[in-house]
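# Structure at a glance
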Amino acid sequence: NGRIYAVGANGVILYTPNPSIGYFNVLNQGDIRLNGIAQKSGGNVLIVGENGRIQEQSGATSHVKKEVFTPPLTDVHFNNAAEGTFMADKFVIRSTSDGGTVWNVVRPQGTQNPAGVYKKVWTLSGGKSLLFGEGNTFVYNRNTGTTSVAFPSASIKIVAKGTDNNTVYVIDNNIVR
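Just so it is clear, the model here is predicted, and its values are computed rather than measured.

### Re the overall build of the protein chain
Looking only at helices and strands, the protein chain has 0 helices and 18 strands in total. Taken against the 2.2 N^0.38 rule, which gives 16 Å for 177 residues, the C-alpha radius of gyration of the protein chain at 16 Å falls within 12% of a compact globule. Projected onto its principal axes, the C-alpha positions of the protein chain cover 50 × 35 × 30 Å. A total of 177 residues make up the protein chain; the buried ones form 44% of that total. Of the contacts made within the protein chain by residues no fewer than 6 positions apart, 31% connect residues no fewer than 24 positions apart. As displayed, the protein chain has an accessible area near 9,000 Å², and 50% of this comes from carbon and sulfur atoms.

Now the structure itself:
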């Protein structure tokens, strides 16, 4: 649909309905850090921020959907309008298959807490999510409720879409994989 959004510190959202017009609208949400953004269908986006903030943005109009009381949110990713995952500090992760009406708790593998810091998430089709950070990368299966090691990783900081939503590129310790 051509819309572009960017978020950052101090509640700033940059938005343009059409990149060819050459300017961005600056929308200020107040003194709150905004950490991540995920596209939904119809051009709307979900924005996550500190203090558990989840808001839906449609152009210049925002609606705070939830004030989820979790540690600070670090990332959110939706595979489509229904399937999504968000991540917060201290391995607090939730996953949805209904667009955010119900969020399921994602637990680490077994009974131990992951030793590393996890900051990035990617939602795949088929009810799975990849959980990236320091140490192993995990895969969560919403259908079975299980989390297992997907592959070893050192320190994944950036995740980007590949040729489709099930292909991702990561930067792990300054190496593109």
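Moving on, there is more to tell.
### Remarks on the sheet that holds strand S2 (residues 12–16)
Across the sheet, which stays open at both edges, the 3 strands sit in the order S1-S2-S3 with antiparallel pairing between neighbours. Every other strand in the sheet has two partners, leaving strand S1 (4–7) and strand S3 (25–28) as the edge strands with one partner each. Neighbour-to-neighbour, the strand axes of this sheet turn through a mean angle of 20 degrees, independent of strand direction. Pairing analysis gives 4 bridges linking S2 to S3, with the strands arranged antiparallel.

### As for the layout of surface pockets
The space that makes up the largest pocket amounts to roughly 530 Å³. Lining the largest pocket are 28 residues; nearest its centre among them are Ile37, Ala38, Gln39, His77 and Phe78. By residue class, the composition of the lining of the largest pocket is 10 nonpolar, 13 polar and 5 charged.

The rules behind the values
Residues numbered from 1 in each chain as written. Predicted model: local features only at pLDDT ≥ 70, side-chain atom pairs only at ≥ 80, totals over all residues. Heavy atoms only, no water. Helix = DSSP H or I, 4+ residues; strand = E, 2+ residues; numbered from the N terminus. Rg over C-alpha atoms; globule rule 2.2 N^0.38 Å. Buried < 20%, exposed > 50% of the residue type's maximum accessible area, 1.4 Å probe, protein only. Contact = heavy atoms within 4.5 Å. Areas by Shrake-Rupley, 256 points an atom, 1.4 Å probe, with all protein chains shown as cover. Pairing = 2+ DSSP bridges. Axes fitted to C-alpha atoms, helices over the stretch in contact; angles between N-to-C directions. 1 Å grid on protein atoms, 1.4 Å probe; cavity = no way out; pocket = protein on both sides within 12 Å on 5 of 7 lines; lining within 4 Å. Points joined across faces, edges and corners; volume = space filled by probe spheres on them. Nonpolar A, V, L, I, M, F, W, Y, C, P; charged D, E, K, R; others polar.

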